[in-house]
Amino acid sequence: MSPFERKFGKYAIPNLSFVLVMCYAVGYLLQLFDRSGLLISYLTLNPYAILHGQIWRLVTWVLIPPSSGGLFFTLIMLYFYCSIGTSLERTWGTYRYNVYLFQGMLFTIAGSFLLMGYCYLFKPEISLLGATLTVDSPTEYFTIIALMFSTYYINMSIFLAYAATFPDAQVLLMFIIPIRVKWLGVIYAVMLLFQFLGTNVFGKFAIGASLLNFVVFFLTSRNMMHLNPKQIHRRQEFKRDVRRNTGITKHKCAICGRTEVDSPQMQFRFCSKCDGNYEYCEEHLYTHTHIKRS
């Protein structure tokens, strides 16, 4: 366990995939009732507007859902991303999965600001409906650019991480054809590469910033790619046992033997009614039998 996880792990949000899916649901409802798109335009990741006081955009852009092909496919997509995200959270742990998602969001936000800086330096043009916009009209210019930054590619990074973690898992392509996830991951990676090479500079910033998250994950976890989830769990348990057996712990429950290494979020207390220095975890502090010296 890293020092950061030991310190900030208690703040990790459980079931984060479900929270993200609920954000998408709110976004779809907003799109349904906001036909003009005016309200949605105030939620997008627009770095120019953020620097001019609209700081809520740093959060509300997560409400902008990926495009869908109707209610049925939308529900299937939401269920799929919720299920694979939950699987990753159970395998990696809540803290690491939180870091993965929030890191992807921070990379996307940073990418939008870097793109704004690039636009002011090199002044690329945008063609829209026969009109040409330049950075000299920043309000309309960055309003269009903001539409390119969404959670679509973050979802792709979640799927790629799932394919790397569960390569032999099977899904039904078109609800009929069984196919291993690793091959779907390869197909998606090739598609994203072609999209990156074929799009303009604005799209390259959006794709690169969002998928940088997976690149960081792959480089830091490549030595565990060949392991299945059970093997990963056993390796983590082995490392935890090694740290417990070779290191000196500050706290240890007199009943179950757990230490702060086993359960970093667990609270330990000494019992004032026991004769001697007996320490207990929060589960056994009030349920143990008091030790009395005869």
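Values in this document were obtained by computation on a predicted structure and should not be read as measured data.

Reading the values: rules and limits
- Residues numbered from 1 in each chain as written.
- Predicted model: local features only at pLDDT ≥ 70, side-chain atom pairs only at ≥ 80, totals over all residues.
- Heavy atoms only, no water.
- Patch = residues over 30% accessible without salt bridge, like charges linked within 9 Å, V, L, I, M, F, W, Y side chains within 5 Å.
- Areas by Shrake-Rupley, 256 points an atom, 1.4 Å probe, with all protein chains shown as cover.
- Salt bridge = Lys/Arg side-chain N within 4 Å of Asp/Glu carboxyl O.
- Helix = DSSP H or I, 4+ residues; strand = E, 2+ residues; numbered from the N terminus.
- Buried < 20%, exposed > 50% of the residue type's maximum accessible area, 1.4 Å probe, protein only.
- Axes fitted to C-alpha atoms, helices over the stretch in contact; angles between N-to-C directions.
- Parallel < 35°, antiparallel > 145°, perpendicular 65-115°, else oblique.
- Left-handed = near helix turned anticlockwise from the far one by under 90°.
- Contact = heavy atoms within 4.5 Å.
- Nonpolar A, V, L, I, M, F, W, Y, C, P; charged D, E, K, R; others polar.
- Expected span 1.5 Å × (residues − 1).

Visitor: Quick one: what's the story with a nonpolar patch on the surface, residue by residue and with numbers?
Guide: On the surface, Trp 183, Val 186, Val 190 and Phe 194 cluster together to form a nonpolar patch covering roughly 430 Å² of accessible area. Following the sequence through the fold, Trp 183 ends up in helix H10 (residues 181-198). Residue classification places Trp 183 among the partly exposed positions, given a relative accessible area of 49%.

Visitor: Describe the packing of helix H7 (residues 94-122) against helix H8 (residues 138-146), listing the residues and the values that go with them.
Guide: One way to put it is that H7 packs onto H8 with a least axis distance of 12 Å and a crossing angle of 135°. When the axis of H7 is compared with that of H8, the two are oblique. Two packed elements cross with a definite hand, and for H7 against H8 that hand is right-handed. Across the interface between the two elements, Leu 115, Met 116, Cys 119 and Tyr 120 of H7 pack against Pro 138, Tyr 141, Phe 142 and Ile 145 of H8. Residue classes in the contact of H7 with H8 are distributed as eight nonpolar, no polar and no charged.

Visitor: Which residues make up the environment of Phe 122, and what values go with them?
Guide: Take Phe 122: it is sitting in helix H7. For Phe 122, a relative accessible area of 56% gives the class exposed. Separated by 13 residues in sequence, Phe 122 and Val 135 have C-alpha atoms that sit 9.4 Å apart.

Visitor: Requested: an account of helix H6 (residues 71-92), with residues and values cited.
Guide: Taking 1.5 Å per residue, 22 residues should reach 32 Å; H6 reaches 31 Å between its end C-alpha atoms and fits that length. The positive-phi residue at the C-terminal boundary of H6 is Gly 93, with phi of around 105°.

Visitor: Help me get a handle on the pattern of salt bridges, residues and values and all.
Guide: As enumerated under the stated definition, the model contains three salt bridges in all. Notably, a salt bridge pairs Asp 168 with Arg 180, separated by 3.4 Å at the nearest N-O pair. Remark: Arg 180 occurs in strand S4 (residues 177-180) and Asp 168 occurs in the loop between helix H9 (152-165) and strand S3 (170-173); sequence separation between them is twelve residues. On the accessibility criterion, Arg 180 (38% relative accessible area) is partly exposed. Between Asp 168 and Lys 182 there is a salt bridge, with its nearest N and O atoms 3.9 Å apart.

Read these as layout, nothing more, since geometry by itself doesn't imply function.
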